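The residues making up each chain are set out below.
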Amino acid sequence: MIERRPFLTFVRHAVLIAGIAAVMFPVYVAFVASTLSFDEVMHVPMQLWPGHHLLENYAAVIAHGSAKGSSAPVGTMMVNSLVMALVIAIGKIAISVISAFAIVYFRFPLRQTFFWMIFITLMLPVEVRILPTYQVAADLKLVDTYAGLTLPLIASATATFLFRQFFLTIPDEYAEAARIDGAGPLRFFWDVVLPLSRTNMAALFVIMFIYGWNQYLWPLLVTTQESMYTTVIGIKRMIPGGDAAAEWHLVMATAMLAMLPPALVVLLMQKWFVKGLVETEK
Amino acid sequence: MATLELRDVMKSYGANAVVHGVSMNIDEGEFVVIVGPSGCGKSTLLRMVAGLEEITAGEIAIAGTVVNRLEPKDRDIAMVFQNYALYPHMNVYDNMAYGLRIRGMSKQEIDARVRDAARILELGALLERKPRQLSGGQRQRVAMGRAIVRHPKVFLFDEPLSNLDAKLRVQMRFELQNLHRRLGVTSLYVTHDQVEAMTLGQRILVMNAGRAEQIGTPAGIYANPATTFVAGFIGSPPMNLLQATVAADGAALSVDGARVTLPRPVPALAGRSVVFGIRPENLRLAGSDFNFEVVMVESLGADHLVHGRIGRQSIIVRAGADANPGSGSRVGATFDAAAMHWFDPATGARLNA
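Thresholds applied
- Residues numbered from 1 in each chain as written.
- Chains lettered and ligands numbered in written order.
- Predicted model: local features only at pLDDT ≥ 70, side-chain atom pairs only at ≥ 80, totals over all residues.
- Helix = DSSP H or I, 4+ residues; strand = E, 2+ residues; numbered from the N terminus.
- Rg over C-alpha atoms; globule rule 2.2 N^0.38 Å.
- Buried ≥ 20, exposed ≤ 12 C-beta atoms within 10 Å, placed from the backbone.
- Contact = placed C-beta atoms within 7 Å.
- Arc of directions from axis to C-beta.

**Q** Sorry if this is basic, but what is going on with the overall build of chain A here?
**A** Within chain A, the secondary structure is distributed over 14 helices and 0 strands. Element order for chain A, N to C, with α for helix and β for strand: α-α-α-α-α-α-α-α-α-α-α-α-α-α. Computed over its C-alpha atoms, the radius of gyration of chain A comes to 24 Å, more than 25% above the 19 Å expected for a compact globule of 282 residues. Here the C-alpha coordinates of chain A stretch approximately 75 × 70 × 30 Å along the principal axes. Taking all 282 residues of chain A together, 29% fall into the buried category. Taking the intrachain contacts of chain A between residues at least 6 apart in sequence as the baseline, contacts between residues at least 24 apart amount to 73%.

So this is what it looks like as C-alpha cells:
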C-alpha cells in the first residue's frame, strides 16, 4: 500500500538525504581539502567549497609525493596497488573456482577432510599467521617483489566456500547431459560451469579487488623500498610523526586517488550483477 | 542380434539391492516402455543403460558389444531428461550442436544435422533463443533434437513428459509416436504413467520393487496380467482384485460370505483361497451373478464409475451414462467367463483355470 501523505514523503526523503550526507560529508571534505593550497588547508576553520588548486595538487602528488613525509611518487604506488589488487582478485577467483569444482564434482579420498581444512582457515585472519608467512617469504627472497606482495594472500577460503555452495545448486542433469554429449570434466568445467558462474565471479572480483587494494599490514611488512610501496602505505607515510605539520592538501589528494579505482570497479561491475540477476533462470 | 540386450542386470548400493536381475532383449527399432511406481528401479535401470550408474552384476550389450565398462559417450546412446537439462547459457542451436562439436564434426555437417532436426521438430524459428525464452513443450523438443542429431543406436527417455501439463502431454505423446515412426530408432522409455506405457510402447516392461514383473505387448499385458501387481497397475480404473474362496463344486466364489456365481465353473481351483480379478469394464449392472451395495457413483460424462462393497471389499463397475443407482441400494452384476482372472493369494502369481 502506498501512502500518499506529502508530509511522510518529505520526512522519508529528509531521512534519506541526511543519511547520504552523513556518509558523503567526510569524503566531500577530503575532496575540498585536496583542491586547496597548503595555507588554505591549514586555516581553521577550513573552507567548505572547493579551491583552485585541484590540478596542481594532483599532478604534484602523482609525480613527486609529499615533501614533508614520504617522497615516493603516488603514480608508482598506484601502479603497485593496482597490480597487487588485480593479481590477488584474479588469482583468488581462479584458484577457488578450481578447488570448488574439484570438491563438488569429484570423489577422492579425504575429500571432506580437505574441504573442512580449507573451511577452517576462514577462522584464521592473515594477522594470526603473519610471522611465519613473513619468514617463508623472506627465505624465498620474495621481499620487495610483486610475488611477495600477492602470493601469500592469494588463497581464499571464502571464495572456495561460496563457489562450492553455488556449484551445489547446479542441477546434476547438466553434468550428466554433458557426459553423454562427450564432454570430459575439464570441458564441462569450461563450457558449462564457468559461464554459469559469471555473476558469482563478478561479485567476488569486486570484493577481492577491494580487499587487495586496501591491504596495509602485509605490504608494509614485505616492502622496504619506496618504489614498491602501495598507495595505502603511501598515505600513512605522508603524515610525518612528531611536530612537523603534514601537507594535508597533498595527503587528501592521495586519499582521493586511492578511493578512485575501487569505486570504478564497483561501478563497472554493477552492470554485470544486475544483468546476471535479471537473466538467472535454470 | 538384438540392438539392446539386458542380461540379468543388477544394481545394489552396498548391501541394498535396488534392481534384481532384469533380463530383456530389445530389437532394432523397437519402442519399449519401462513402467512402474516410484522407487521401483526403472530410472536406475535406464541410467545403467546410459552409463550414468555402474552395473553391479549382469551385462548390458548394445548392438552386440558389452558396454558395462564404456563411458556414456562411447555407447552410441542419447538421452532425454525429465528436466530437459538444456544448457541455460547456450541458445537452441548451440545446445543441439554441443555434442557434435565435441566430436569434432565439420561445421557443415553439424549445421546440416541441426537444421534437419529443427525441421522435424518444428524448431526452425527458435534456433537463436535461449532455453529460458522457451515454453516447457518447446524445451522438451529441443532436448529431443539434441538427442536426434547424434544419430544414436538407442534413444533413452527418462520420464520426459512428467513436467508438462495434461493437455501438452497428450500432444507430445502424439509427436513422440510420429517421431518414432519417422526415425525408427530403438527407444527405451521410462514412465510411471501407465497411459503413456499403453499408448507409446510396442512392448512394456512392468517393474515393481526392482524386479521385472512382466514383459509383453500392451494388449497382452492388459488381457493376461502375470501378477496381481501388474493386474492392479495397468488399466484405469484398476482391476478389481477380490480375496475369495472357491466353493467345493468350483461353480461359485465366496467373497467374505457373499456368493458370486461363476459363468463357467473352475474345478481346478475348487476349495482354494484365491484372488479373483475382474476389470470394471467387464462387469455389467444386470442380472445377478452377484449382488453388491452401492457406496458412490462417479460421473465421468461418458461413463459412470459405480463404487460398491461386496462382503467387506470394495468393487468398481464401469457402467454406461444411463445407469445411475442410488447410493445405498443393492444392485446385481454379471460378467463373462473370458473376463475372469485368477491369482495366488500368497505369491500374487497368475493361476490358470
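**Q** Quick question: what am I supposed to make of unusual backbone geometry here?
**A** Negative phi characterises most residues that are not glycine, and trans characterises most peptide bonds. Here the amide bond leading from A:Val44 into A:Pro45 is cis, since omega sits at -5 degrees, within 30 degrees of zero. With respect to the helices and strands, the residue A:Pro45 is situated in the loop between α2 (38-42) and α3 (54-64). For the peptide bond that leads from B:Ser236 to B:Pro237, omega is 0 degrees, which places it in the cis range. Here the phi dihedral of B:Asp76 falls at roughly 60 degrees; this positive angle occurs in a residue that is not glycine. On the secondary structure map, B:Asp76 appears in the loop between β5 (65-66) and β6 (77-80). The residue B:Ala209 is not glycine, and still its phi comes out positive at about 50 degrees. Residue position: B:Ala209 is located in the loop between β9 (203-208) and β10 (211-216). Here B:Ala209 falls in the partly exposed class, since 15 other C-beta atoms lie within 10 Å of it.

**Q** Is there a simple way to explain the interface of chain B and chain A in this structure?
**A** Accessible area lost on assembly of the parts is the figure often given for the size of an interface. On the chain A side, the residues contacting the 17 residues of chain B number 16 residues. Looking at the side of chain B that touches chain A, the elements that each hand over two or more residues are β6 and α2 (92-102) of chain B. Top contributing element to the side of chain B that touches chain A by residue count: α2(B), with 3 residues.

**Q** Looking at this structure, how should I read helix α9 (residues 172-181) of chain A?
**A** Regarding α9(A), the residues found buried are A:Tyr174, A:Ala177, A:Ala178, A:Ile180 and A:Asp181. The buried residues of α9(A) occupy one face: seen down the axis, they fall within an arc of 160 degrees. Looking at the buried side of α9(A), the elements it contacts are α10 (185-196) of chain A together with α1 (42-50), β6 and α2 of chain B. In the stretch just after α9(A), A:Gly182 is the one whose phi turns positive, near 105 degrees.

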